Protein chains: 2
Amino acid sequence: MQESLTIGQLAARSGVAPSALRYYERLGLIRADRTGGNQRRYARTELRRVAFIRVSQQVGVSLEEIREALDSLPASRTPTAADWAELSAAWRARLSEKIRLMTKLRDDLDGCIGCGCLSLQRCVLYNPDDKLSGEGPGARLMLPRPEPAASACGDCASAPAPA
Amino acid sequence: MQESLTIGQLAARSGVAPSALRYYERLGLIRADRTGGNQRRYARTELRRVAFIRVSQQVGVSLEEIREALDSLPASRTPTAADWAELSAAWRARLSEKIRLMTKLRDDLDGCIGCGCLSLQRCVLYNPDDKLSGEGPGARLMLPRPEPAASACGDCASAPAPA
DNA sequence: CCTTGAATTGAAGTGGACTTCAACTCGACC
DNA sequence: GGTCGAGTTGAAGTCCACTTCAATTCAAGG
């Protein structure tokens, strides 16, 4: 079993394209040693990092946030199982919270569908405090804060629940 | 109570910026009538559409997919509560599936943390069939399919669970 | 009628996460 | 020692979901 991996090997084992791995390196999420001929050689432990990155992305965490989390690992020594466990515990909480919000969203959706309403302030779906997941891409500088804008929902007066 | 809303009013009531509403219209997600002077006037029912769009986005659905879903609403008549209920039922299923995957992810993470491993093929976290959420932005044309790449995980041999 | 805040357009810019390209060098095997 | 796939770089391109800008027109109140 080799000590280090080429970028191609890491890519194959992690399912992440080489170009993405270079990109991660530029952002400081992973690191690599270099051969005499300037080629990257990855320690096997980098596999864990890449795995952590992908798992975190699945949950909607940005690379910047992931970088910050990874920065909490000890730089001086190879991270131990305990180090990883600590890091992952925080992520677990994050996941749980996301699950909670999504479950709430689903249940609220159920409630709102009863009246066919799905209108904004009324239905809790729009609760700006309980924001789920990333705010999405794009340059979002426009509104300082959408404001609660509380007002009666005029769209619920219609039909009751269909059979 | 007014029959129709200006773009500013719709924006205020939905918490979506006017520019975003125009963008949605370009993509065919919502529609507006025009005044003599070419200004948009939205029927109140558009509020439901916007609500649906935002809720769906929270769950990680792309605007293109949302458009397809909205296209299933009857174009000839104003959608009834039943129409919306049908549409939302499909979304509910989607949500439930997402919740299921996320819960699995969390539990797998727990399992993997025990050994500090979190390495790829071994830990189920990486299961490419159970893909959670969107694939993220960016031009992704590179790998036709990452392939299972099944191979033994050489990173689990280390420490047992920390106290 | 005049003002003033809201609306219009198309084109261009933004941010995140990558990918693609071109020109070049490494390095493992025959 | 030659070949050829794998690796290197920086710059530029891409996709999504918007935002920002500038120039201009609307529309409601005084």
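Since this is a predicted model, take the numbers as computed values, not measurements.

Asks: Would you explain the packing of helix α3 (residues 46–58) of chain B against helix α4 (residues 63–71) of chain B in this entry?
Replies: Axis angle and axis distance: for two packed helices, these are the angle between their axes and the distance between the axes, and together they describe the pair. All names here are of chain B. Relative orientation of the contacting elements α3 and α4 amounts to 135°, with a least axis distance of 10 Å. Compared by their axis directions, α3 and α4 come out oblique. As for how α3 packs across α4, the hand of that crossing is right-handed. Residues Arg 49, Phe 52, Ile 53, Ser 56 and Gln 57 of α3 pack against Leu 63, Ile 66, Ala 69 and Leu 70 of α4. Of the residues in the contact of α3 with α4, the class split is six nonpolar, two polar and one charged.

Asks: What is the right way to read the sheet that holds strand β3 (residues 40–43) of chain A from this model?
Replies: Strand-to-strand pairing in sheets goes through backbone hydrogen bonds, with the strands running parallel or antiparallel. Residues and elements named next belong to chain A. The three strands lie next to each other as β1-β3-β2, forming an open sheet whose pairing is antiparallel. Edge positions in the sheet fall to β1 (4–5) and β2 (33–34), since each of these pairs with one other strand and no more. As paired elements, β2 and β3 share two bridges and run antiparallel to each other. When the sheet's bridge partners are listed, Arg 34 is paired in β3 with Arg 40.

Asks: What am I meant to see in the packing of aromatic side chains here?
Replies: Each aromatic ring pair is described using two quantities: the centre-to-centre distance and the angle formed by the ring planes. All names here are of chain A. A full pass over the atoms with the stated rule returns six aromatic pairs over all chains. Seen in terms of ring centroids, Phe 52 and Trp 84 are 5.8 Å apart; in terms of plane orientation they differ by 55°. Their pairing is tilted. Of the two residues, Phe 52 sits in helix α3 (residues 46–58) while Trp 84 sits in helix α5 (residues 81–113), which places them 32 residues apart along the sequence. Accessibility classification places Phe 52 together with Trp 84 in one group, the buried group. Of the aromatic side chains, those joined through ring pairs into one cluster are Phe 52, Trp 84 and Trp 91.

Asks: Looking at this structure, how should I read the environment of Trp 84 of chain A?
Replies: For Trp 84 of chain A, a relative accessible area of 4% translates into the label buried. Taking C-alpha positions, Trp 84 of chain A is 9.6 Å from Arg 49 of chain A, a pair spaced 35 residues apart along the chain.

Asks: When you look at the environment of Ala 32 of chain B in this model, what are you seeing that I'm missing?
Replies: All names here are of chain B. With respect to the element layout, Ala 32 can be found in the loop between α2 (18–27) and β2 (33–34). Its relative accessible area of 15% is what places Ala 32 among the buried residues. Separated by 10 residues in sequence, Ala 32 and Arg 22 place their C-alpha atoms 9.6 Å apart. With sequence-adjacent residues up to four places away left out, Ala 32 is seen in contact with Glu 25, Arg 40, Arg 41 and Tyr 42.

Asks: Any chance you could explain the sheet that holds β2 of chain B here in plain terms?
Replies: Residues and elements named next belong to chain B. Spatially, β1-β3-β2 is the arrangement adopted by the three strands of the open sheet, whose pairing is antiparallel. In this open sheet, the two edge strands, each paired with only one partner strand, are β1 (4–5) and β2. In this structure, β1 lies alongside strand β3 (residues 40–43), joined through two bridges in antiparallel fashion. Bridging from a neighbouring strand, Ser 4 pairs with Ala 43 of β3.

About the cut-offs
Residues numbered from 1 in each chain as written. Chains lettered and ligands numbered in written order. Predicted model: local features only at pLDDT ≥ 70, side-chain atom pairs only at ≥ 80, totals over all residues. Heavy atoms only, no water. Axes fitted to C-alpha atoms, helices over the stretch in contact; angles between N-to-C directions. Helix = DSSP H or I, 4+ residues; strand = E, 2+ residues; numbered from the N terminus. Parallel < 35°, antiparallel > 145°, perpendicular 65-115°, else oblique. Left-handed = near helix turned anticlockwise from the far one by under 90°. Contact = heavy atoms within 4.5 Å. Nonpolar A, V, L, I, M, F, W, Y, C, P; charged D, E, K, R; others polar. Pairing = 2+ DSSP bridges. Phe/Tyr/Trp six-rings, centres within 6.5 Å; stacked < 30°, edge-to-face > 60°. Buried < 20%, exposed > 50% of the residue type's maximum accessible area, 1.4 Å probe, protein only.

That is the geometry; function is a separate question.
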